[in-house]
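# Descriptive analysis of the structure
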Amino acid sequence: MRNPIYVALDVPTVEKASELVAVLAPVVAGFKVGKELFVSAGPQLVRQIRESGASVFLDLKFHDIPNTVAKSVAAATRLDVQMLTIHTCGGLEMMRAAEAAAQETAGSLHRAAPVVLGVTVLTSMSTPELNQVGVTGDIGHQVERLAMLGNQAGLRGFVCSPLELAMLRQILPEATQLVTPGIRGPGDAAGDQKRTLSAPEAIEAGATWLVIGRPIYAAADPKAAAERILAAIASATTTA
Ligand code: C5P
């Protein structure tokens, strides 16, 4: 079975992040490094994760003019991350520039290009809030529209909520990678997550990668928590 787990390193210090990487690298596919940790720990932490053998999902959600985004994607590719995020509402040209930068930079380094993941509508946004910023219509239509635009731009993956998986699987090419946070097991606290699926349910609904934070890093034994989630996926896959 392919290991689909990326652990969100939503922890405040480099020390805590390094500790989690050391413990979890043998049992997960990779780690998500977001803005808070990247601003404080920087590229050195990314290098450290890569040295552990795990993959890195650099979640900085680039949104800028095409030239700036392309250069940022090239820099992330040189850091050897496996996935990174851009905002699809940056437009077709920006997304094309991002994908081209990933391909060209990786090509010149003779390594596989990172998957440039499109972020559609942030799950913190409501339909009235979208309307406030000039987007008419509802969230579902906007997600669909931006995913189609990203696909047209050549993006090979998207970040989506568990409840968007089924719809996106219907409209996107089969090889598209879907990365899904909001994963909670039966015994986990939901925290601020409102719409969740369990790990086996999300895989069944079409997720390629699962981003899991608190259910793993806040567990008394993070390694055992990751292993339990993997076992649940494995047993659902064999009984399916
Ligand atoms: O702790 P938890 O499992 O909820 O962490 C989920 C991770 O995925 C966090 O890093 C969160 O910022 C991120 N995320 C999310 N929902 C989105 C996009 C990203 O939970 N729509």
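Each remark here, short or long, concerns the structure printed above.
What counts, and where the lines are drawn
Residues numbered from 1 in each chain as written. Predicted model: local features only at pLDDT ≥ 70, side-chain atom pairs only at ≥ 80, totals over all residues. Heavy atoms only, no water. Pairing = 2+ DSSP bridges. Helix = DSSP H or I, 4+ residues; strand = E, 2+ residues; numbered from the N terminus. Axes fitted to C-alpha atoms, helices over the stretch in contact; angles between N-to-C directions. Expected span 1.5 Å × (residues − 1). Buried < 20%, exposed > 50% of the residue type's maximum accessible area, 1.4 Å probe, protein only. Arc of directions from axis to C-beta. Parallel < 35°, antiparallel > 145°, perpendicular 65-115°, else oblique. Left-handed = near helix turned anticlockwise from the far one by under 90°. Contact = heavy atoms within 4.5 Å. Nonpolar A, V, L, I, M, F, W, Y, C, P; charged D, E, K, R; others polar. Salt bridge = Lys/Arg side-chain N within 4 Å of Asp/Glu carboxyl O.

A few words now on the sheet that holds strand 8 (residues 209–212). In any sheet, the strands associate via hydrogen bonds between backbone groups, in a parallel or an antiparallel arrangement. The strand order around the closed barrel built from eight strands is 1-2-3-4-5-6-7-8, with neighbouring strands paired in parallel fashion. Adjacent strand axes in the sheet meet at a mean angle of 25° when their direction is disregarded. Bridge analysis of strand 4 (residues 83–87) against strand 5 (residues 115–119) gives five bridges, and the strand direction is parallel. Within strand 5, the residue paired with isoleucine 86 across the bridge is glycine 118.

A few words on helix 4 (residues 92–108). An α-helical turn contains 3.6 residues, so a residue and the one three or four places further along point in the same direction. Under the 1.5 Å per step criterion, the end-to-end length of helix 4 is 24 Å for 17 residues, consistent within 8% with the ideal 24 Å. Of all the positions in helix 4, only Met94, Met95, Ala98, Glu99, Ala101, Ala102, Thr105 and Ala106 are classed as buried. Projected down its long axis, helix 4 carries its buried residues within an arc of 155°, all on one side. Along helix 4, exposed side chains directed more than 90 degrees from the buried face belong to Glu93, Glu104 and Ser108.

It is the contact of helix 4 with helix 6 (residues 139–152), at a shortest axis distance of 9 Å, that shows an interaxial angle of 45°. Judged on the interaxial angle alone, helix 6 and helix 4 are oblique. Considering how the two elements wind past one another, helix 4 and helix 6 form a crossing that is right-handed. Across from Leu92, Met95 and Arg96 in helix 4, the residues of helix 6 making contact are Leu149, Gly150 and Gln152. Broken down by class, the residue content of the contact of helix 4 with helix 6 amounts to three nonpolar, two polar and one charged.

Structurally, valine 14 can be placed in helix 1 (residues 14–24). Take valine 14: its relative accessible area is 30%, and that puts it in the partly exposed class. Expressed as a C-alpha distance, the spacing of valine 14 and glycine 107, which sit 93 residues apart in the sequence, is 31 Å. When sequence neighbours within four positions are dropped, the list of residues in contact with valine 14 reads Ala41 and Leu45.

Counted under the stated rule, the structure contains seven salt bridges. With its nearest N and O atoms 3.0 Å apart, the salt bridge here joins lysine 32 to aspartate 59. You can see lysine 32 sitting in strand 2 (residues 30–34) and its partner aspartate 59 sitting in strand 3 (residues 55–62), a full 27 residues away along the chain. An identical accessibility class is assigned to lysine 32 and aspartate 59; each is buried. Three or more residues are tied together by salt bridges with common partners; here these are Lys32, Asp59 and Lys61.

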